[in-house]
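The primary structure of each chain is shown beneath.
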Amino acid sequence: MELYQSIRNAVSKEGCSIRATAKEFKIHRREVRRALTSAIPPERKSAPKVRPKLGPYESTIRAWLTEDLKVPKKQRHTATRIWQRLVDECGADVSVSAVRVMVRELKAEIIEPAATAMIPQVHLPGRTAEVDFGDVWVIVSGEKIRAKMFAMRLSSSAKAFHQIYMGESQECFLDGHEKAFEAFGGIPEEIRYDNLTSAVTKVLIGRDRLENERFTAFRSHYGFGASYCTPGIEGAHEKGGIEGEVKRARRRYMVPIPKGPTLAEINDKLHQRVDADDVTRHVAYRKENVEAAFLEERKALKPLVTESFGTAKILFAKVDAKSRVCVRQAFYSVPVSLIGKSVQIALSANEVSISYRDKQVANHGRLTHRGDSILVLDHYLEAFTRKPGAFPRSVPLDQAKKSGAFSRDHEAFLAGATRLYGESKGISEMVGVLLLARRLSKAAIAAGLSRALVMHTFKADFVEIAARSSLESTPMPLEDVPEVVAPTVDLARYDALLEARP
């Protein structure tokens, strides 16, 4: 650029001829004429690459790379393998470095897809929403668990709802919808999904899908439409709003890893943080914050349905010999009186409710790991009356100790009763105390146990009397306490035996 400026000044201002100017700047006369024609130098033309040895094999290499598009990725040609084939099969005398350069250029031309245009869209209030799941880690009661975060985002206002579940089952999927509708105070007209199995049974031609029957009934109940993205990575951009929202929520609300005694408390804190954040959060260059935009969009949402769909899935199972039912490869206890009978199971996102003849017989929190079990001690008490020897090392007792249902007072009572009456009789008294939980409150039983330990009386009847006395708020008189008579030993006969010894 400076050279062209000097040439133009020399000709126009100093009156130099083209020949003199070329001689002065030691350039060709053609370059002087170019400078006089345009003040901007022309771009340099790069010389075409000449590959005298490798050039004849370019079509062969291109064909091999094109065929690789139909081959699994781990069995495609590398540059070194192409060089080996050229040498062995074609007798080429080329260097491996030259082959690498050509392969890099051809791969960029053949394999890399052409850029597609992203067309901005208009999102009318209340018209569309998007749903997706994302992996997150949480710490529940000190245990680090990999969970799933359900997310629904209103496309117009960018208002989002998040709920963490232990899994990605259809029950969690539908429960997340109901909670999101309740949080939004309305229902969008259409929701966009990828092709997750909770909603889609089969992908048909184009945008047509064979939906899961239960999801179709769910959509019909709440009156919203569904649209689905193109399968695979090609359709990832079609719901970029929710993809970005899941990543934002993971970085914003999941760092550091959320902790809590229960998943419900972690979710409550998550909802509070999201609502507080939306008051000050702005999307792109919008002047209004997300909360203000949502208040306007909520007016356009369809009203909520008064009756819930009921997201629990109804199953039936037979109680096994260990008084358990198997649900999604996890085990839940029921009373031993139901062994061998068929029960009805209502499987929801967080609970497992078990009924027999329209009467609920057990209710458990839902497990997520295969082979895990929840065995309630109360369900096995009748069996322990017949098999007291199975009580000390039983899984229900171990779980009751870990959960706190079998307290230190229970352990002290069992130890005292076993020491005084023997193992079988002592366990029977302990089972009698545990059976009181079906008739009396926990506080009353705790008071009865404390009274029994103070009086060193290890009888279930005494615990019941003391528990009922605590309910009446009247202290139990000492004269009513049954006297425990220790077994006496006749020492005279031992003296006679000692005298008879030689």
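Because the structure is predicted, anything quoted here is derived from the model rather than measured. (Residues numbered from 1 in each chain as written. Predicted model: local features only at pLDDT ≥ 70, side-chain atom pairs only at ≥ 80, totals over all residues. Heavy atoms only, no water.)

Caption draft 1: Structural context of the nonpolar core. Ranked by size, the top nonpolar core spans 29 residues in total, and within it Leu377, Phe391, Phe406, Phe413 and Met430 carry the most contacts. Mapped onto this core, the elements with two or more residues apiece are helix H12 (381–386), helix H13 (395–403), helix H14 (408–421), helix H15 (423–435), helix H16 (442–455) and helix H17 (460–471). The dominant element in this core, judged by the number of residues it contributes, is H15, at 5 residues. Those residues in contact with leucine 377 that lie beyond four places of it in its chain are Phe384, Phe391, Pro396, Leu397, Ala400, Phe406 and Leu434. Counting residues in hydrophobic clusters, the runner-up holds 28 residues, among them Ala180, Phe184, Ala199 and Phe215. (Core = buried A, V, L, I, M, F, W, Y, C linked by side-chain atoms within 4.5 Å. Buried < 20%, exposed > 50% of the residue type's maximum accessible area, 1.4 Å probe, protein only. Helix = DSSP H or I, 4+ residues; strand = E, 2+ residues; numbered from the N terminus. Contact = heavy atoms within 4.5 Å.)

Caption draft 2: Structural context of H17. Helix length check: H17 (12 residues) gives 17 Å between terminal C-alpha atoms against 16 Å at 1.5 Å per residue, within 8%. Within H17, the full set of buried residues consists of Ala460, Phe462, Val463, Glu464, Ala466, Ala467 and Ser469. Tucked inside the fold, the buried residues of H17 contact H14, H15 and H16. (Expected span 1.5 Å × (residues − 1).)

Caption draft 3: Structural detail: the confidence of the model for the protein. Mean pLDDT over the protein: 88, with 93% of residues reaching 70 or higher. Per-residue pLDDT stays below 50 along residues 478–491; that stretch engages in 12 contacts with residues further than four places along the chain or on separate chains. (pLDDT = per-residue confidence, 0-100.)

Caption draft 4: Summary view of the sheet that holds strand E14 (residues 359–365). Pairing in this open sheet of 4 strands is antiparallel, and the strands run E9-E12-E13-E14 from one edge to the other. If you trace the sheet from one side to the other, it starts and ends with strand E9 (313–318) and E14, each paired once. Shown here is a sheet whose adjacent strand axes are inclined to one another by a mean of 25°, direction ignored. As paired elements, strand E13 (residues 351–356) and E14 share 6 bridges and run antiparallel to each other. (Pairing = 2+ DSSP bridges. Axes fitted to C-alpha atoms, helices over the stretch in contact; angles between N-to-C directions.)

Caption draft 5: The environment of leucine 377, seen in detail. Tracing the chain through its elements places leucine 377 in the loop between strand E15 (373–374) and H12. Judged by relative accessible area, leucine 377 falls into the buried class, the value being 9%.

Caption draft 6: Spotlight on the side chain of aspartate 175. Along the polypeptide, aspartate 175 turns up in helix H7 (residues 170–184). The buried category is assigned to aspartate 175, whose relative accessible area is 10%. Within polar-contact distance, the side chain of aspartate 175 engages the side chain of lysine 179 at 2.8 Å. Sequence-distant contacts of aspartate 175, defined by excluding residues within four places in its chain, comprise Tyr165, Thr311 and Ala349. (Polar contact = N/O pair within 3.5 Å; in protein donor to acceptor, adjacent residues only side chain to side chain.)

Caption draft 7: Expanded view of the packing of aromatic side chains. Counted under the stated rule, the structure contains 16 aromatic pairs. With a centroid separation of 5.7 Å and an interplanar angle of 65°, the aromatic rings of phenylalanine 413 and phenylalanine 458 are classed as edge-to-face. You can see phenylalanine 413 sitting in helix H14 and its partner phenylalanine 458 sitting in the loop between H16 and H17, a full 45 residues away along the chain. Judged by its relative accessible area of 7%, phenylalanine 458 is buried. We note lysine 159 situated over the ring of phenylalanine 294; from NZ or CZ to the ring centre the distance is 5.5 Å. (Phe/Tyr/Trp six-rings, centres within 6.5 Å; stacked < 30°, edge-to-face > 60°. Lys NZ or Arg CZ within 6 Å of the ring centre and 35° of its normal.)

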